[in-house]
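Examining the three-dimensional arrangement
Each chain, written out:
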Amino acid sequence: MGILVCVKQVPDTAEVKIDPVKHTVIRAGVPNIFNPFDQNALEAALQLKDADKEVKVTLLSMGPDQAKDVLKEGLAMGADDAYLVSDRKLGGSDTLATGYALAQVVKKVAAEKGIEQFDIILCGKQAIDGDTAQVGPQIACELGIPQITYARDLKVEGNKVTVQQENEEGYIVTEAQFPVLITAVKDLNEPRFPTIRGTMKAKRREIPTLDAAAIEADDAQIGLNGSPTKVRKIFTPAQRSGGLVLKVEDDNAQALVDQVVEKLSEAKIL
């Protein structure tokens with residue numbers, strides 16, 4: 001079974017800044033990390049590999065050359081190989097253009113491996129820098145394969161996968177035949193740490209880098225040219241004042257309720 005996992009290097013959201021003119025993330029000087037949801041996706045693939053040694057796990061990322069850091073971290077965790085797609089033409093891609101470019105890479109890598117499709121493609125439910133949750137499903141649409149989002153549990157039997165899809169009220173159970181794309185939530189698993197031996201081996205690995213020409217991408221569908229999403233305004237929300245401050249001399253519940261009602265009335269909420 002062949003599994004491909006899409007991973008992304010993202011800026012630490014605690015340090016993120018936005019270019020007020022270009023409306024893009026300013027990455028210079030901001031520490032980068034392995035997108036947490038993608039770690040859950042990778043762990044799911046590695047657990048399937050643990051259960052069946054015939055499973056091969058391939059990593060894929062799109063970004064600048066420094067994105068190889070997360071690919072090497074993924075290799076250290078146990079993935080078999082990795083690919084990076086990187087090209088200035090891809091700069092400024094929105095989720096539509098990104099989904100298209102990654103789908104092109106998936107087809108390219110599958111052809112190199114002599115297969116028509118990967119059996120399973122795993123992605124994190126979203127990247128913490130954009131929080132769109134759109135790229136995974138768009139890759140599935142580009143490839144013309146089924147998709148199951150928000151997986152909190154998955155089981156594979158033969159060429160069928162059964163997934164518990166997380167929702168606001170609990171979960172629903174969905175089944176699909178291979179090939180299929182699945183997006184992972186945090187409740188799916190607890191990602192493992194890279195091993196020392198794996199880290200040493202990963203440092204020596206050469207990761208192939210593919211450009212737009214290598215994946216036969218249409219220039220009109222990548223980068224800013226292929227991105228219909230336009231950010232009209234970006235701003236920092238006004239900081240809210242603190243909440244209610246209540247003083248209760250004893251454990252008198254009624255006194256506490258009276259104070260809450262009084263404060264809400266003063267604020268003209270009641």
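Structure first, text after, so check above.
Residues numbered from 1 in each chain as written. Predicted model: local features only at pLDDT ≥ 70, side-chain atom pairs only at ≥ 80, totals over all residues. Heavy atoms only, no water.

Focus on unusual backbone geometry
Here the bond from phenylalanine 178 into proline 179 is cis, since omega is -5°, no more than 30 degrees from zero. Inspection of the secondary structure puts proline 179 in the loop between strand S11 (170-177) and strand S12 (180-184). In the Ramachandran plot, alanine 133 falls in the positive-phi region, its phi being about 60° despite a non-glycine side chain. Locating alanine 133 in the fold gives a position in the loop between strand S8 (120-124) and helix H4 (135-143). Its identity is not glycine, yet glutamate 216 carries a phi of approximately 55°, on the positive side. (Helix = DSSP H or I, 4+ residues; strand = E, 2+ residues; numbered from the N terminus.)

Describing the packing of helix H2 (residues 68-77) against helix H5 (residues 196-203)
In a pair of packed helices, the angle between the axes and the distance between the axes together describe the arrangement. One can describe the packing of H2 onto H5 by two numbers: an axis separation of 7 Å at closest approach and a directional angle of 135°. The pairing of H2 with H5 is recorded here as oblique in orientation. Judged by the sense of rotation from one axis to the other, the crossing of H2 with H5 is right-handed. Mapping the contact onto sequence places Lys72, Leu75 and Ala76 in H2 and Gly198, Thr199, Ala202 and Lys203 in H5. Of the residues contributing to the contact of H2 with H5, the split by class is three nonpolar, two polar and two charged. (Axes fitted to C-alpha atoms, helices over the stretch in contact; angles between N-to-C directions. Parallel < 35°, antiparallel > 145°, perpendicular 65-115°, else oblique. Left-handed = near helix turned anticlockwise from the far one by under 90°. Contact = heavy atoms within 4.5 Å. Nonpolar A, V, L, I, M, F, W, Y, C, P; charged D, E, K, R; others polar.)

Remember that the coordinates give geometry; whether it matters functionally is a separate question.
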